[in-house]
Amino acid sequence: MADKERQICDLLVEKAIEARQKAYAPYSKFSVGAAVLGADGNIYTGCNIENVSYGMTMCAERTAIFKMVSEGCTQFDAIAIVAGENATDGAPCGACRQVMGEFAADLDKTKVILAALNGDYIVETVASLMPYPFVKFKPQDE
Ligand SMILES: [Zn+2]
């Protein structure tokens, strides 16, 4: 990985670790943070937000991506996620992978950075985490 790419990954991991501090996880005690690099160059962060009615809980990744979209940016180039001591502790759930597929700038190139709390990370892509993605369809009345 080039120096510039590594710097961006490092920065996103740092921002995800910061965002994790804001996690609202009184029930699971499982805090997650995410940081998205939008195609507009801005970084959008998110944390998981639980609810006493468990099904209403929102993941950190989708919080960050939805913040990006609500600010007018509909594509992202990279996302970092951090949850625990191991880089894969914050591997995204199926719902988040689907949302990443919707807004990834390029399925094969958009990075998914799985980070540990100590800052170590591994880099995957949206495509590597979600083969055979459902990202478009043709309306049946066409
Ligand atoms: Zn999720």
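The present account deals with the structure reproduced in this document. (Residues numbered from 1 in each chain as written. Predicted model: local features only at pLDDT ≥ 70, side-chain atom pairs only at ≥ 80, totals over all residues.)

### Some details on unusual backbone geometry
For step 1, the next point in the chain: The residue K29 is not glycine, and still its phi comes out positive at about 60°.
For step 2, the next point in the chain: With respect to the helices, strands and loops of the structure, K29 is situated in the loop between α1 (3-20) and β1 (33-38).
For step 3, the next point in the chain: Judged by local crowding, K29 falls into the exposed class, with 8 C-beta atoms found within 10 Å.
For step 4, the next point in the chain: Positive phi outside glycine occurs at Y132, with the angle close to 50°. (Helix = DSSP H or I, 4+ residues; strand = E, 2+ residues; numbered from the N terminus. Buried ≥ 20, exposed ≤ 12 C-beta atoms within 10 Å, placed from the backbone.)

### A word on the nonpolar core
For step 1, the next point in the chain: Counting 36 residues, the largest nonpolar core has A16, A34, V36, I79, A80 and I81 as its most contacted members.
For step 2, the next point in the chain: Every element with two or more residues in this core is listed here: α1, β1, β2 (43-47), α2 (60-70), β3 (76-82), α3 (94-103) and β4 (111-115).
For step 3, the next point in the chain: When residues in this core are grouped by element, the largest group, six residues, is from β3.
For step 4, the next point in the chain: Look past the residues within four positions of A80 in its chain and what remains in contact with it is C9, L12, V13, A16, A34, A35, I113 and A115. (Core = buried A, V, L, I, M, F, W, Y, C linked by C-beta atoms within 7 Å. Contact = placed C-beta atoms within 7 Å.)

### Some words on α3
In an α-helix, one turn spans 3.6 residues, which is why side chains three or four residues apart end up on the same side.
For step 1, the next point in the chain: When α3 is considered as a whole, its buried residues turn out to be C96, M100 and F103. All buried residues of α3 project into a common sector of 75° when viewed along the axis, lining one side. The outward face of α3, more than 90 degrees from its buried face, is lined by the exposed residues G94 and A95.
For step 2, the next point in the chain: The elements touched by buried residues of α3 are α2, β3, β4 and α4 (126-129). (Arc of directions from axis to C-beta.)

### Topic: the environment of M68
For step 1, the next point in the chain: Here M68 is to be found in helix α2.
For step 2, the next point in the chain: The exposure class of M68 is buried, given the 25 C-beta atoms found within 10 Å.
For step 3, the next point in the chain: If we ignore the near neighbours within four places in the chain, the residues touching M68 are V36, G38, Y44, C73 and F76.

### Points about the pairing of β1
For step 1, the next point in the chain: Across the six residues of β1, six count as buried, placing the element largely inside the fold.
For step 2, the next point in the chain: Residues of β1 alternate between two faces, with G33, A35 and L37 on one and A34, V36 and G38 on the opposite face, all of them buried.
For step 3, the next point in the chain: As paired strands, β1 and β2 are joined by five bridges and run antiparallel to one another. Counterpart to A34 in the pairing with β2 is G46.
For step 4, the next point in the chain: Once β1 ends, the chain turns through four residues before running back antiparallel as β2, passing G41 with a positive phi of about 90°.
For step 5, the next point in the chain: Both β1 and β3 contribute to a ladder of six bridges, which runs antiparallel. Pairing of G38 across the sheet is with F76, part of β3. (Pairing = 2+ DSSP bridges.)

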